[in-house]
Amino acid sequence: MAVAKRENDLGRDPVGKLLLRLALPSVTAQLVNALYNIVDRIYIGHIEGVGDLALTGLGVCFPVLMFVSAISALVGMGGGSRAVVRMGEGKEDQANAILGNCTALLIALSVLVTALFLAIKEPMLLLFGATKETIGFATDYLTIYLWGTIFVEISLGLNFFITSQGFSTISMATVLIGAVTNIVLDPVFIFGFNMGVKGAALATITAQGVSAVWVLRFLTGKRTRLRLQRRHFRINPKVLAPVVALGVSPFIMNATESLVNVAFNASLKAYGSTSAVGAMTICSSVLQIFFLLLQGIAQGAQPIIGFNYGAGKLDRVKKAFKLLLISAFTFSCTACLALELFPHAFVMLFNDKPELVDLAVWALRIYVCGMFMLGVQTSCQQTFVALGQAKISLFLALLRKVILLLPLILILPRLITGHQVMAVFLAEPVADVLAALTTGSMFLWRFPRILARRRKELEGKHA
């Protein structure tokens, strides 16, 4: 059966135009994805009378939500990166085997995570920073959300396999369909049916279910080169081991957000108040919007870098990375400036209670002052993933959140004893700058050597 020509020729189209065509839909998809994740918090924060407590309760659930998303990155980003290199090498049956195995693994992990977190939800949420005022809101939201875990994993995890083929607009539509569904259903369930946070969770999992159906229909249709096939639908350790090894880096980047969120909430609960935890919910929500947009730029470049690395077109790999770095750094600097100059506008999206707004505006200026360096961190980190450098990617993923940020959250308040709440928020920019400087230096050293090794491999094949 003939397969329709994909939207973009990753190996021959001009790199600059190709990056623009892939990045724009990816950035749009991530913007919509940000709305997907943020719109619940906006509506919940404006529930009359209890909006601030409900928003804080939802913030306590963030670690679980981030962990569920991290699983999709573990399997989907690792699998998508492996599959696109196999496609570049002309080994499409191996690429299809990766897709089938990843789908089976996503379903198995969904069942496991749902059962585990439902069993321990209340003590877990109390550990994550819930109080007697917020635990009810947190458990109401999380109970319903967990039943939709399988939809989250399928829609997010398998969408990487659509993006990796160059079907950027289809990938964007996956997110767009879910986000529009969520945005429409949120006010209906939250306010129309008077379901509160339960309505927000129900709207979210319904939207993810719609996205999951869209993804599965595409990956079993006529346009895709990577196709779900029953013979590949199994868990084969030989196929999945390198996928998981490569996916560990983005998994840790997402999963450690859970640990970081727990550490932030616990420290702010100890040194501050429930309002400080609410302010952190707003700060992390705002930063997430811009970080997702930055990831969209990187995801636009990843298929170009991975495909051409597999195909041996190393000049195109270097050009794609250079354009990615310039674009990502420019964006992160611009975003940092906007948040420093106009924090009030972003905070007011989530809540209008004067005390919480004033605290969140003050906190946001501290929290994001190092984000101008995230462009360097993200472009170098994601290029390592695209090149299949699992060990380096793993170290860099651990560096920013585990090696630097988690200890800083605990250490800085003990060093800056008179301003402990400020010290907790300051941990984020300090870690951002140190991680970016380390990542950039390592990339300058490793990138030429990776390309040189690949060039020797290609020369050996043609000798």
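In what follows, the accompanying structure is described. (Residues numbered from 1 in each chain as written. Predicted model: local features only at pLDDT ≥ 70, side-chain atom pairs only at ≥ 80, totals over all residues. Heavy atoms only, no water.)

This part takes up the environment of Gly-16. By secondary structure assignment, the location of Gly-16 is in helix H1 (residues 15-45). Through-space distance from the C-alpha of Gly-16 to that of Leu-323 is 7.3 Å; in sequence the pair is 307 residues apart. (Helix = DSSP H or I, 4+ residues; strand = E, 2+ residues; numbered from the N terminus.)

Turning to helix H3 (residues 92-127), a few remarks are in order. In H3, a bend of some 75° at Lys-121 exceeds every other bend along the element, and Pro-123, a proline, comes one to four places later. Backbone geometry just after H3 places Gly-129 at a positive phi near 120°. (Bend = angle between axes of the 7 residues up to and from the residue.)

What follows is about empty space enclosed by the protein. Summed over all chains, the structure comprises four cavities of 30 Å³ or more. When its volume is computed, the second largest cavity comes out at roughly 130 Å³. If you trace the second largest cavity, you find it lined by Met-77, Gly-80, Ser-81, Val-84, Phe-160, Thr-163, Ser-164, Gln-299, Gln-302, Pro-303 and Ala-386. Those elements that provide at least two residues to the lining of the second largest cavity are helix H2 (51-88), helix H5 (149-163) and helix H9 (274-311). Counting residues per element, the lining of the second largest cavity draws most heavily on H2, which supplies four residues. The residue inventory of the lining of the second largest cavity, partitioned by class, reads five nonpolar, six polar and no charged. (1 Å grid on protein atoms, 1.4 Å probe; cavity = no way out; pocket = protein on both sides within 12 Å on 5 of 7 lines; lining within 4 Å. Points joined across faces, edges and corners; volume = space filled by probe spheres on them. Nonpolar A, V, L, I, M, F, W, Y, C, P; charged D, E, K, R; others polar.)

Moving on, we come to the pattern of salt bridges. Under the defined criterion, the tally for this structure stands at nine salt bridges. In this structure, Glu-89 and Arg-86 form a salt bridge, with 3.1 Å as the shortest nitrogen-oxygen distance. Of the residues examined, Arg-86 reaches a relative accessible area of 15% and is grouped as buried. As a salt-bridge pair, Lys-91 and Glu-89 come within 3.8 Å of each other at their nearest N and O atoms. Lys-91 sits in the partly exposed class, given a relative accessible area of 39%. The network of salt bridges with shared partners includes Arg-400, Lys-401, Glu-428 and Asp-432. (Salt bridge = Lys/Arg side-chain N within 4 Å of Asp/Glu carboxyl O. Buried < 20%, exposed > 50% of the residue type's maximum accessible area, 1.4 Å probe, protein only.)

Moving on to the layout of surface pockets. Taken as a whole, the largest pocket spans an internal volume of roughly 300 Å³. Contributing to the lining of the largest pocket are 17 residues, with Arg-82, Val-85, Tyr-309, Leu-387 and Gly-388 lying nearest its centre. For the lining of the largest pocket, the secondary structure elements donating two or more residues are H2, helix H8 (237-271), H9, helix H13 (374-386) and helix H15 (420-462). With four residues, the top contributor of residues to the lining of the largest pocket is H2. Partitioning the lining of the largest pocket into residue classes produces seven nonpolar, four polar and six charged.

On to the environment of Ala-452. Turning to its location among the elements, Ala-452 is positioned in helix H15. Along the sequence, Ala-452 and Leu-314 sit 138 residues apart, while their C-alpha atoms lie 9.2 Å from each other.

This next bit is on the packing of helix H4 (residues 135-146) against helix H7 (residues 197-219). A packed helix pair is summarised by two numbers, namely the angle formed by the two axes and the spacing between the axes. One can describe the packing of H4 onto H7 by two numbers: an axis separation of 8 Å at closest approach and a directional angle of 20°. In terms of orientation, H4 and H7 fall into the roughly parallel class. Judged by the sense of rotation from one axis to the other, the crossing of H4 with H7 is right-handed. The residues of H7 that touch H4, namely those facing Phe-137, Asp-140, Tyr-141, Ile-144 and Tyr-145, are Val-197, Lys-198, Ala-200, Ala-201, Leu-202, Thr-204 and Ile-205. Within the contact of H4 with H7, the residues separate by chemical class into nine nonpolar, one polar and two charged. (Axes fitted to C-alpha atoms, helices over the stretch in contact; angles between N-to-C directions. Parallel < 35°, antiparallel > 145°, perpendicular 65-115°, else oblique. Left-handed = near helix turned anticlockwise from the far one by under 90°. Contact = heavy atoms within 4.5 Å.)

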